[in-house]
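# A look at the structure
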Amino acid sequence: MSGSQYVDSEGLLYTAPVREHGNIYKPHNKSMAEELNEKAMHDVHTKEIDLVNRDPNGLNDDVVKIDFEGVIAEPDGTHSFDGIWKASFTTFTVTKYWFYRLLSAIFGIPLALIWGIYFAILSFLHIWAVVPCIRSYLIEIQCISRVYSICIHTFCDRLFEAIGKMFSTIRATIRKEI
């Protein structure tokens with residue numbers, strides 16, 4: 001920041017602030033223009049996704065981790081043939097794996113579209129309707145709460161103070177007679 005100098009009423013010398021870089025949307029500074037072009041090339045709506053860890057926040061840790069052993073288990077003393085057990089394990093695992101892939105291929109994109117629309121509507125309503133309504137309610141209720149507080153203090157404080165003084169003279173003693 002630099003600019004012309006001026007003297008204030010007390011005789012102190014100041015420099016008037018002037019922006020050297022120009023408008024942030026149309027910068028005069030070449031390095032700033034290149035920086036903005038790099039940012040414009042990067043799409044903010046897409047990001048690198050991890051194809052290995054697809055649940056980094058652990059949303060489905062307790063629900064969807066279903067293995068063969070968690071569904072089908074043979075207790076001690078009741079065992080099928082080893083070949084049947086291995087074939088059942090393979091059938092269960094492969095069927096679950098490929099059927100999930102088939103369902104996600106058929107319904108994944110339409111459901112992602114529906115959920116995207118739903119959360120967009122939910123965000124819109126929260127930002128433009130819910131929060132402003134709550135804020136306006138809190139502003140309006142503040143006035144009512146002050147009036148209510150004044151009424152309570154005016155009428156009830158005196159009543160409860162009088163009742164308290166009336167009952168403060170009561171003494172209770174306990175005697176045990178034999």
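The structure we're discussing is the one just above.
Source: prediction; values computed, not measured.

### Things to note about the overall build of the chain
For the chain, the helix and strand inventory stands at 3 helices and 2 strands. Reading the helices (α) and strands (β) of the chain from amino to carboxyl end gives β-β-α-α-α. Residues counted as buried form 2% of the 178 residues belonging to the chain. Sequence-distant contacts, at least 24 apart, represent 10% of the contacts inside the chain between residues at least 6 apart. Of the roughly 17200 Å² that the chain leaves accessible, carbon and sulfur atoms contribute 65%.

### Observations concerning helix α3 (residues 82-168)
Counted at 1.5 Å a residue, the expected span for α3 with its 87 residues is 129 Å, but the 85 Å between its end C-alpha atoms falls short. At F107, α3 is bent by approximately 50°, the largest bend along its length, and proline P110 sits one to four residues beyond.

### A closer look at the pattern of salt bridges
Summed over the entire model, instances satisfying the criterion amount to 1 salt bridge. Residue E161 pairs with K165 through a salt bridge whose shortest N-O separation is 3.7 Å. With a gap of 4 residues between them, E161 and K165 both fall in helix α3, about one helical turn apart. Accessibility expressed as a relative area gives 48% for E161, which makes it partly exposed. Judged by its relative accessible area of 56%, K165 falls in the exposed class.

### Here we look at the packing of aromatic side chains
Applying the stated criterion across every chain yields a total of 7 aromatic pairs. Taking the centre distance of 5.3 Å and the plane angle of 90° together, the rings of Y97 and W98 count as edge-to-face. The class of Y97 is partly exposed, set by a relative accessible area of 41%. A relative accessible area of 52% places W98 in the exposed class. Ring pairing ties together the aromatic residues F68, W85, F89 and F92, which thus form one cluster. Seen from the ring of W98, R101 lies directly overhead, with NZ or CZ sitting 5.5 Å from the centre.

### Quick look at the state of the cysteines
Enumeration according to the criterion identifies 0 disulfides in this entry. Cysteine C156 remains unbridged, with the sulfur of C151 as its closest cysteine sulfur at 9.2 Å.

### Focus on a nonpolar patch on the surface
On the surface, a cluster of nonpolar side chains totalling about 1100 Å² of accessible area is made up of F99, L102, L103, I106, F107, L111, I114, W115, Y118, F119 and L122. Looking at where F119 falls in the secondary structure, it is placed in helix α3. With relative accessibility at 45%, the residue F119 sits in the partly exposed group.

### Here's the deal with the environment of I72
Structurally, I72 can be placed in the loop between α2 (68-71) and α3. Here I72 falls in the partly exposed class, since its relative accessible area comes to 35%. Considering only alpha carbons, one finds I72 and W85, 13 residues apart in sequence, at a separation of 10.0 Å.

Definitions and limits used
- Residues numbered from 1 in each chain as written.
- Predicted model: local features only at pLDDT ≥ 70, side-chain atom pairs only at ≥ 80, totals over all residues.
- Heavy atoms only, no water.
- Helix = DSSP H or I, 4+ residues; strand = E, 2+ residues; numbered from the N terminus.
- Buried < 20%, exposed > 50% of the residue type's maximum accessible area, 1.4 Å probe, protein only.
- Contact = heavy atoms within 4.5 Å.
- Areas by Shrake-Rupley, 256 points an atom, 1.4 Å probe, with all protein chains shown as cover.
- Expected span 1.5 Å × (residues − 1).
- Bend = angle between axes of the 7 residues up to and from the residue.
- Salt bridge = Lys/Arg side-chain N within 4 Å of Asp/Glu carboxyl O.
- Phe/Tyr/Trp six-rings, centres within 6.5 Å; stacked < 30°, edge-to-face > 60°.
- Lys NZ or Arg CZ within 6 Å of the ring centre and 35° of its normal.
- Disulfide = S-S within 2.5 Å.
- Patch = residues over 30% accessible without salt bridge, like charges linked within 9 Å, V, L, I, M, F, W, Y side chains within 5 Å.

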